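# Secondary and tertiary structure notes
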Amino acid sequence: DTAVSQTPKYLVTQMGNDKSIKCEQNLGHDTMYWYKQDSKKFLKIMFSYNNKELIINETVPNRFSPKSPDKAHLNLHINSLELGDSAVYFCASSQASALRYNEQFFGPGTRLTVL
Amino acid sequence: DAKTTQPPSMDCAEGRAANLPCNHSTISGNEYVYWYRQIHSQGPQYIIHGLKNNETNEMASLIITEDRKSSTLILPHATLRDTAVYYCSVVNAGGTSYGKLTFGQGTILTVHP
């Protein structure tokens, strides 16, 4: 069974469009994350939700809006896509405790290409 | 969070031990060292973490120097499937930093037959 799944795996779209990426985890974790990995492979956290509550919100343009309908799902909506948004977006999950937060399980990634 | 420095690439023969170093000279007392790896086209995978004692699990061993300014991840018997980018991250496990993993460019480990 897939632990953390993301859809779609690939997303190619035009500048200015609005798109969403979905994430689901079946590990029973209560914390989920969105990361962005750029072309140089640097991975940076964008958002984190714990039990549907936003707990990490890094310096990210407000065109990016996460939504967590329940603790097993965390979606990422991006408005007015720009060329610089092209990257691989990873969803991850973990269990909330002092040390377990950082033992994160990652999804396979969504490669977003903005033309 | 403390910054980490890793060699950009390393080679290892299959069946031999792979020793991957990481420098984190500005680490503070409440920061842990975490290791992840990313196999091509997959999401990062947690390997191991430690504070100051050496740690071992089914995947690897982590050796942290006494001054905690550097660490070494050891894959005791590397296989071809261990070829990946290995990331070392230093994270404050409490307060408002929990969950904030940040990875640099990591070390590309190539295991060859």
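Presented here is an overview of the structure given in this document. For every chain, the first residue of the written sequence is number 1, and numbering continues from 1 along that sequence. Starting at A for chains and at 1 for ligands, labels are handed out in the order in which the entities are written. Note on the predicted model: pLDDT of at least 70 is required for a residue's local features to be given, and 80 or more for side-chain atom pairs to be given and counted; whole-chain, interface and lining totals, by contrast, use all residues. Calculated side-chain values reflect all of the structure's heavy atoms, with hydrogen atoms and water omitted.

### Re the overall build of chain A
So the rule is basically this: Numbering of helices and strands runs from the N terminus; a helix is a DSSP stretch of H or I covering at least four residues, while a strand is a stretch of E covering at least two. We compute the radius of gyration from the C-alpha atoms alone; for a globule the expected value is 2.2 Å times N to the 0.38, where N is the number of residues. Note on areas: Shrake-Rupley with a 1.4 Å probe; residue coverage comes only from the protein chains shown. Under this rule, positive means Lys or Arg and negative means Asp or Glu; His and the chain ends count for nothing. Charged groups are reduced to one reference atom each: NZ for lysine, CZ for arginine, CG for aspartic acid, CD for glutamic acid.
Each helix and strand in chain A was counted, giving 0 helices and 11 strands. Traced from its N-terminal end to its C-terminal end, chain A shows the element sequence β-β-β-β-β-β-β-β-β-β-β. The C-alpha radius of gyration of chain A comes to 13 Å, within 12% of the 13 Å expected for a compact globule of 115 residues. Its C-alpha atoms give chain A principal-axis dimensions of roughly 40 × 30 × 30 Å. Summing over all exposed atoms, chain A offers an accessible surface of approximately 5,700 Å²; the carbon and sulfur share of this is 50%. The distance from the centre of the 13 positive side-chain charges to the centre of the 11 negative ones in chain A is 5 Å.

### Digging into the side chain of A:Thr110
Residue and element names in this part refer to chain A. The condition is simple: Using a 1.4 Å probe on the protein chains alone, a residue whose accessible area is under 20% of its type maximum counts as buried, one over 50% counts as exposed, and one in between counts as partly exposed. Under this definition, polar contacts are N or O atom pairs within 3.5 Å; protein pairs additionally need one hydrogen-donor-capable and one acceptor-capable atom, and for neighbouring residues in sequence, both atoms have to be side-chain atoms. In what follows, residue pairs with any heavy atoms lying within 4.5 Å of each other are defined as contacts.
Along the chain, the position of Thr 110 falls in strand β11 (residues 110-114). Among the residues examined, Thr 110 registers a relative accessible area of 0% and is labelled buried. Side-chain polar atoms of Thr 110 contact the side chain of Gln 6, separated by 3.2 Å. When neighbours within four sequence positions are excluded, Thr 110 is seen to be in contact with Gln 6, Thr 7, Pro 8, Lys 9, Leu 11, Ile 21, Ala 87, Val 88 and Tyr 89.

### A short note on the sheet that holds strand β8 (residues 73-78) of chain A
Residues and elements named next belong to chain A. Rule in force here: A pair of strands counts as paired when DSSP detects no fewer than two bridges linking them. Here an axis means a line fitted to C-alpha atoms, over the contact stretch when the element is a helix, while the angle between two N-to-C directions is reported on a 0 to 180 degree scale.
Pairing within the open sheet is antiparallel, and its 4 strands lie in the order β1-β3-β8-β7. In the strand order of this sheet, the two ends are held by β1 (4-7) and β7 (64-70), each with one partner. Within the sheet, the average angular offset between the axes of one strand and its neighbour, ignoring direction, is 20 degrees. As paired strands, β1 and strand β3 (residues 19-25) are joined by 4 bridges and run antiparallel to one another.

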